[in-house]
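Okay, here's what each chain looks like letter by letter:
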Amino acid sequence: MHILNKIINNLKQKSNTLKSTNIQILLLIDCILLPLALYTSVLLRLGGTWDPKLNHYYWLFIILPIITIPVFIYTGLYRAVIRYIDDKVVIIVLKGVSISVLCLIIIIYIFGIYAFPKSSIIIFWVFALAYIGGTRLILRGIVKRFDPIKKTNVIIYGAGSAGIQICIALQNGREYNPIGFIDDDKNKWGNMIRGIYIHNPRKIHKLLLENEVNQIIIAMPSISNERRNQIIAMLEPLSIHITTLPSINDLINNEVSIKDIKEIDIEDLLGRATIDVNTDFMRNNIENKNILITGAGGSIGSELVRQIIKLNPQKIILLEISEFSLYNITRTIKLHYENAQLVDILGSITDTSLLERIFERYNIHTIFHAAAYKHVPIVEFNPIAGIKNNIIGTLNVAQFALKYNVNTMVLISTDKAVRPTNIMGCTKRIAEMILQAIQTKSKHTVFTMVRFGNVLGSSGSVVPLFREQIKYKGPVTVTHPDITRYFMTIPEAVQLVIQASNMANGGEVFVLDMGKPIKILDLAIRMIHLSGLSIRDENEPNGDIEIKFSGLRPGEKLYEELLIGDNPETTQHQRIMKARDAFLEYEQLIIQICIALQNGREYNPIGFIDDD
């Protein structure tokens, strides 16, 4: 330990010594250049012939560095590390030289040096700016030219404001070396920014061949999703690492930095158009009302909290079984909305006594029921837990909603509920049927459900799994070469869920337009290519990453469906459809659930309770 501390201290001393040496060199250079600037300015003013009358004032050339160097120190000129000097150094030099000139004028006036050519002081101001500022920029170029640190060569796609900002940040950093711009605007082609040429997109392949480029940064935060997807599709065959900047709405003060560079999201690959959002319409079931969100810490539940808090609810009751998830969403909301009225409750929807206390105390107006076990293989191997949570839990919440005259209850459902081939899908279809059946008993509460497919970024999503496998150089595992899935972003799904809840009359199954299904194998291939890697297979045995087919998991389908019937109704929103699927009557459904419980080993039904 002592030896390690000694090594660290030695490195610190060397670093401090090197920094001190650099400052001493700059001081020496400035002490030479300042008198030189004054001398050349006087000589230029006198037409190249020195006036002997000025021989008595050589002391001005000696005193000039003495009065100027402290000014430079005060303005922070020597605090700038040569390697990272940027355009701001010009402002510092301008301030320092201007103060120096002012001091020089005062000295000439005080000592009555009337023979000194006054206009040469203006020339000195220009020369000093050029000498002092120019040496910094020249030294920066020399240091970077012989920098032993190997930088990553990058091309910036987009020579607009964001592209220029990221270029400056990269040039001042130690990790990246921008070697060219690409831009769609032909009027910019051939121009130069920061010493870097702007090229036609058609020349990108030539740039890659002539330079050892490792990465392309798409620096166009204001373009549409469709245009971004077109650019990504054009770059994908190059098998080079593609990164991007966030959208203009996600940037702080429209300024970009190196930390804003991020990997291509699956949302960028989808290229879906943004949905129409009617905020006033979304407020109907939320504004000034008490909202209960079950599963509030999950992927959908937490996004419901984030969006509902913007619609001015009176209070949000967050029911979540995971302490960590509940803590996370509560902390996040409180961080951005200090006055948010949140009630965080740790518990399960299978706990009827807890549900009773919640409904008695908080006068719930609207319920978004997102609590569910949703991972097909896990529920397949743990059927009792799936049945208990997805069926019994939903029945509990629905019965209390009916009992306490809640205005609206919305069930978050899944495409797995359509002609289910697994236990998770079966439990979710029964949950839908519970709401459909209980609607027939309701005179006040509107029960409805919203069905959609996979959401991006949720726990268990294939996208983060692929990203992790690519990070560790594979293999990337795909269950089947022909498997397809629908995908939608979490914010998009939740916006549509909230809008659908305001269209409900009771008993409908709203189905979200998920777009076209995506082949998972194609998704894996695209993610590998956009990471700058190649696929290792029979045709390319020296590729970077292998794709392996692991086989369908228990209960997994090749293709998912969103509709049971064939004739969905349109709604006032083009991305929301409405279906009315067949279901059992309430009494018959409850009897069937009771029989199933009697045949199981977990529950013992001892009686029925009914308001009729």
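Higher on the page you've got the structure.
Cut-offs and rules
Residues numbered from 1 in each chain as written. Predicted model: local features only at pLDDT ≥ 70, side-chain atom pairs only at ≥ 80, totals over all residues. Heavy atoms only, no water. Axes fitted to C-alpha atoms, helices over the stretch in contact; angles between N-to-C directions. Helix = DSSP H or I, 4+ residues; strand = E, 2+ residues; numbered from the N terminus. Parallel < 35°, antiparallel > 145°, perpendicular 65-115°, else oblique. Left-handed = near helix turned anticlockwise from the far one by under 90°. Contact = heavy atoms within 4.5 Å. Patch = residues over 30% accessible without salt bridge, like charges linked within 9 Å, V, L, I, M, F, W, Y side chains within 5 Å. Areas by Shrake-Rupley, 256 points an atom, 1.4 Å probe, with all protein chains shown as cover. Salt bridge = Lys/Arg side-chain N within 4 Å of Asp/Glu carboxyl O. Lys, Arg positive; Asp, Glu negative; His and termini not counted. Charge placed at Lys NZ, Arg CZ, Asp CG, Glu CD. Pairing = 2+ DSSP bridges. Right-handed = clockwise from strand over helix to strand, strands pointing away. Buried < 20%, exposed > 50% of the residue type's maximum accessible area, 1.4 Å probe, protein only. Arc of directions from axis to C-beta. Phe/Tyr/Trp six-rings, centres within 6.5 Å; stacked < 30°, edge-to-face > 60°.

## Things to note about the packing of helix α10 (residues 299-308) against helix α17 (residues 490-501)
1) Next: The interhelical angle for the contact between α10 and α17, taken along N-to-C directions, is 65 degrees, at an axis separation of 9 Å. It follows from the interaxial angle that α10 and α17 lie roughly perpendicular. The handedness of the crossing between α10 and α17 comes out as right-handed. Mapping the contact onto sequence places Ser299, Ile300, Glu303, Leu304, Gln307 and Ile308 in α10 and Ile490, Pro491, Val494, Gln495, Val497 and Ile498 in α17.

## Topic: a negative patch on the surface
1) Next: A surface patch of negative charge is lined by Asp537, Glu538, Glu540 and Asp544.
2) Next: Along the chain, Asp537 turns up in the loop between β20 (535-536) and β21 (545-549).

## What about the pairing of strand β10 (residues 342-346)?
Each regular strand displays side chains that alternate between the two surfaces of the sheet.
1) Next: Pairing between strand β9 (residues 315-320) and β10: five bridges, direction parallel. Along β10, the bridge assignment pairs Leu318 with Asp344.
2) Next: Taking the sense of rotation as the criterion, the β-α-β connection linking β9, helix α11 (residues 323-336) and β10 turns out right-handed.

## Considerations on helix α7 (residues 225-235)
1) Next: Restricting attention to buried positions, one finds in α7 the residues Arg228, Asn229, Ile231, Ile232 and Leu235. Seen along its axis, α7 keeps its buried residues to an arc of 160 degrees; they face one direction.

## Description of a nonpolar patch on the surface
1) Next: Taken together, the side chains of Trp59, Leu102, Ile106, Tyr109, Ile110 and Phe111 make up a nonpolar region of the molecular surface, amounting to roughly 700 Å² of accessible area.
2) Next: Examined against the element boundaries, Leu102 turns out to sit in helix α3 (residues 88-110).

## Looking at the pairing of strand β12 (residues 408-414)
1) Next: Of all seven residues in β12, seven are buried; the element is thus mostly enclosed.
2) Next: Here β12 shows no split at all, with Thr408, Val410, Ile412 and Thr414 on one side and Met409, Leu411 and Ser413 on the other all buried.
3) Next: Two strands pair when backbone bridges link them, and strand β11 (residues 366-369) and β12 are joined in this way by four bridges, in the parallel orientation. Looking across to β12, one finds that Thr366 is bridged to Thr408.
4) Next: Read from β12 through helix α15 (residues 423-439) to strand β13 (residues 446-452), the crossover connection turns out right-handed.

## Observations concerning the environment of Ile204
1) Next: Topologically, Ile204 is positioned in helix α6 (residues 204-210).
2) Next: Along the primary structure Ile204 and Tyr157 are separated by 47 residues, whereas in three dimensions their C-alpha atoms are 9.7 Å apart.
3) Next: Aside from chain neighbours lying at most four places away, what touches Ile204 is Ile182, Ile216, Leu235 and Leu238.

## A few points about the packing of aromatic side chains
1) Next: Scanning all chains against the criterion turns up five aromatic pairs.
2) Next: Ring centres of Phe359 and Phe400 lie 5.8 Å apart, and the angle between their planes is 20 degrees; this geometry places the pair in the stacked category. Taken as a pair, Phe359 in helix α12 (residues 352-362) and Phe400 in helix α14 (residues 383-403) lie far apart in primary sequence, 41 residues in all. Both residues of the pair, Phe359 and Phe400, count as buried.
3) Next: Each residue in the set Phe359, Phe400 and Tyr404 is aromatic and connected to the rest through ring pairs, giving one cluster.

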